Amino acid sequence: MTALAKSSPISSSSRQPISFAFLAQVILIANSFIMLYPVVVMVLSAFKTTGEIFEHPFALPDFTQVHNFAKVLGETAMPTYFVNSIIVTGISILLILVLGTMAGYAVARYESRTNTFILLFFLAGLMLPLKLAVIPLFILLRDLNLLDSRWSLIATYTAIGLPSAVFIMAGFLRSLPAELEDAARIDGASEPRIMWSVMLPLARPPMAIAAIQNAVPIWNDFFFPLVFIQTDAYKTLPQGLTTFMGEYTTDWGMLFAGLTIAAAPITLLYIALSRQFIQGMTAGAVK
């Protein structure tokens, strides 16, 4: 009896982590359903008419009925908006990664008294919301003859994304051992060769983080295209989707079809880079 009494607290305490783990799994599963529910409703509604959406909102649609997608792609300027979003997002991310990686590498791998001030200069960009300076920015882009063009958005998004990219890349590159550079220098490699062939292959996880972190808000941004773009031929997806909403009536089936098409590329990009994203997030957690 004494042995059983002594063992009972141990057995009860050993069951506590299991209960907490089970509770955490329940919370994560419930959160997954909450996050996925709007996406599922959006995709299902894309295959329904406006009447079916309001009469049977939770019913499964006939997935062979793709007339909404046909109307969106054939009767609207959706393909133009799609191409504009791809061009603006792709060039912005490319510039952010190239410039951010170069600046982060210089700050992290070269000893200088000004490195701290340079990093703080970039970090100041994270503290200043650029939307508050939209009027001076509008005047600047107007004087540079960049208004109502894709380059107005590309320049703005690159400036917004650089601080976070430099911060992420500098933090990761600083953790790499100096012996890698020393070995490459002994073999006669130049500084650009060291960065391109030695450091960049190891920096893929943080580059994936910087790409995803900036691609999602750039792809979904509505504010700056609304301010800088007036010509329909240069509008991006978020701005272009507003044309599907009329003043008195709205074709909700077409709108959900357009939203589904707009959400697909960024979702596929996240899935493709998810492994690199997780590796970057967990880098340095374990030795």
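Cut-offs and rules
- Residues numbered from 1 in each chain as written.
- Predicted model: local features only at pLDDT ≥ 70, side-chain atom pairs only at ≥ 80, totals over all residues.
- Heavy atoms only, no water.
- Phe/Tyr/Trp six-rings, centres within 6.5 Å; stacked < 30°, edge-to-face > 60°.
- Helix = DSSP H or I, 4+ residues; strand = E, 2+ residues; numbered from the N terminus.
- Buried < 20%, exposed > 50% of the residue type's maximum accessible area, 1.4 Å probe, protein only.
- Expected span 1.5 Å × (residues − 1).
- Axes fitted to C-alpha atoms, helices over the stretch in contact; angles between N-to-C directions.
- Parallel < 35°, antiparallel > 145°, perpendicular 65-115°, else oblique.
- Contact = heavy atoms within 4.5 Å.
- Nonpolar A, V, L, I, M, F, W, Y, C, P; charged D, E, K, R; others polar.
- Polar contact = N/O pair within 3.5 Å; in protein donor to acceptor, adjacent residues only side chain to side chain.
- Core = buried A, V, L, I, M, F, W, Y, C linked by side-chain atoms within 4.5 Å.
- Left-handed = near helix turned anticlockwise from the far one by under 90°.
- Patch = residues over 30% accessible without salt bridge, like charges linked within 9 Å, V, L, I, M, F, W, Y side chains within 5 Å.
- Areas by Shrake-Rupley, 256 points an atom, 1.4 Å probe, with all protein chains shown as cover.
- Salt bridge = Lys/Arg side-chain N within 4 Å of Asp/Glu carboxyl O.

Caption draft 1: View of the packing of aromatic side chains. Taken as a whole and assessed by the stated rule, the structure comprises 10 aromatic pairs. Measuring from ring centre to ring centre gives 6.4 Å for tryptophan 252 and phenylalanine 256, while their planes differ by 35°; the resulting arrangement is tilted. Here tryptophan 252 and its partner phenylalanine 256 are both found in helix H13 (residues 252-272), four residues apart, which amounts to about one turn of the helix. For tryptophan 252, a relative accessible area of 29% puts it in the partly exposed group. Aromatic rings pair up to connect Phe138, Tyr157, Phe223, Phe224 and Phe228 into one cluster.

Caption draft 2: The arrangement of helix H10 (residues 204-220) in detail. The terminal C-alpha atoms of H10, which comprises 17 residues, lie 24 Å apart, in line with the 24 Å expected from a rise of 1.5 Å per residue. Taken as a whole, H10 has its buried residues at Pro205, Pro206, Ala208, Ile209, Ala210, Ala211, Ile212, Asn214, Ala215, Ile218 and Trp219.

Caption draft 3: Looking closely at the packing of helix H4 (residues 78-109) against helix H9 (residues 191-202). Interhelical geometry of H4 versus H9 gives an angle of 100° and a closest axis separation of 12 Å. Of the possible angle classes, the one that applies to H4 and H9 is roughly perpendicular. Between H4 and H9, the contacting residues are Thr101, Met102, Tyr105 and Arg109 on the first element and Glu191, Ile194, Met195, Met199 and Leu200 on the second. Grouping the constituent residues of the contact of H4 with H9 by class yields six nonpolar, one polar and two charged.

Caption draft 4: Seen up close, the side chain of serine 149. Topologically, serine 149 is positioned in the loop between helix H6 (134-143) and helix H7 (150-174). By relative accessible area, serine 149 is classed as buried at 16%. Of note is the side chain of serine 149, whose polar atom sits 2.5 Å from the backbone oxygen of leucine 146. Ignoring anything within four residues of it in the chain, the contact list for serine 149 reads Ile229 and Tyr234.

Caption draft 5: Spotlight on the nonpolar core. Among the nonpolar cores identified, the biggest contains 38 residues, and Val72, Met78, Ile93, Leu153 and Phe228 are the most heavily contacted of them. Elements represented by at least two residues in this core include exactly helix H3 (67-75), H4, H6, H7, H10, helix H11 (223-228) and H13. Residue contributions to this core peak at seven residues, all from H13. When near neighbours in sequence (up to four residues on either side) are disregarded, isoleucine 93 contacts Ala211, Asn214, Ala215 and Ile218. In this structure, Phe172, Leu176, Ala184 and Ile194 belong to the second largest nonpolar core, which totals 11 residues.

Caption draft 6: Representation of unusual backbone geometry in the model. Backbone geometry at asparagine 145 places phi at a positive 60°, although glycine is not the residue there. With respect to the element layout, asparagine 145 can be found in the loop between H6 and H7. Residue class for asparagine 145 comes out exposed when judged on its relative accessible area of 68%. Of note, aspartate 148 is a non-glycine position whose phi angle comes to about 55°, a positive value. Tracing the backbone shows aspartate 148 in the loop between H6 and H7.

Caption draft 7: Structural context of the packing of H4 against helix H5 (residues 115-127). Relative to each other, H4 and H5 sit at 145°, their axes nearing to 9 Å. Here the hand of the crossing between H4 and H5 comes out left-handed. Packed against H4, whose contacting residues are Ala103, Ala106 and Val107, the element H5 presents Asn115, Ile118, Leu119 and Phe122 at the interface. Each residue belonging to the contact of H4 with H5 can be placed in one class, and the counts come to six nonpolar, one polar and no charged.

Caption draft 8: Representation of a nonpolar patch on the surface. Together, Leu94, Leu95, Val98, Leu99, Met102 and Trp151 give the surface a local cluster of nonpolar side chains, amounting to about 560 Å² of exposed area. Broken down by element, the nonpolar patch gets its largest block of residues, five residues, from H4.

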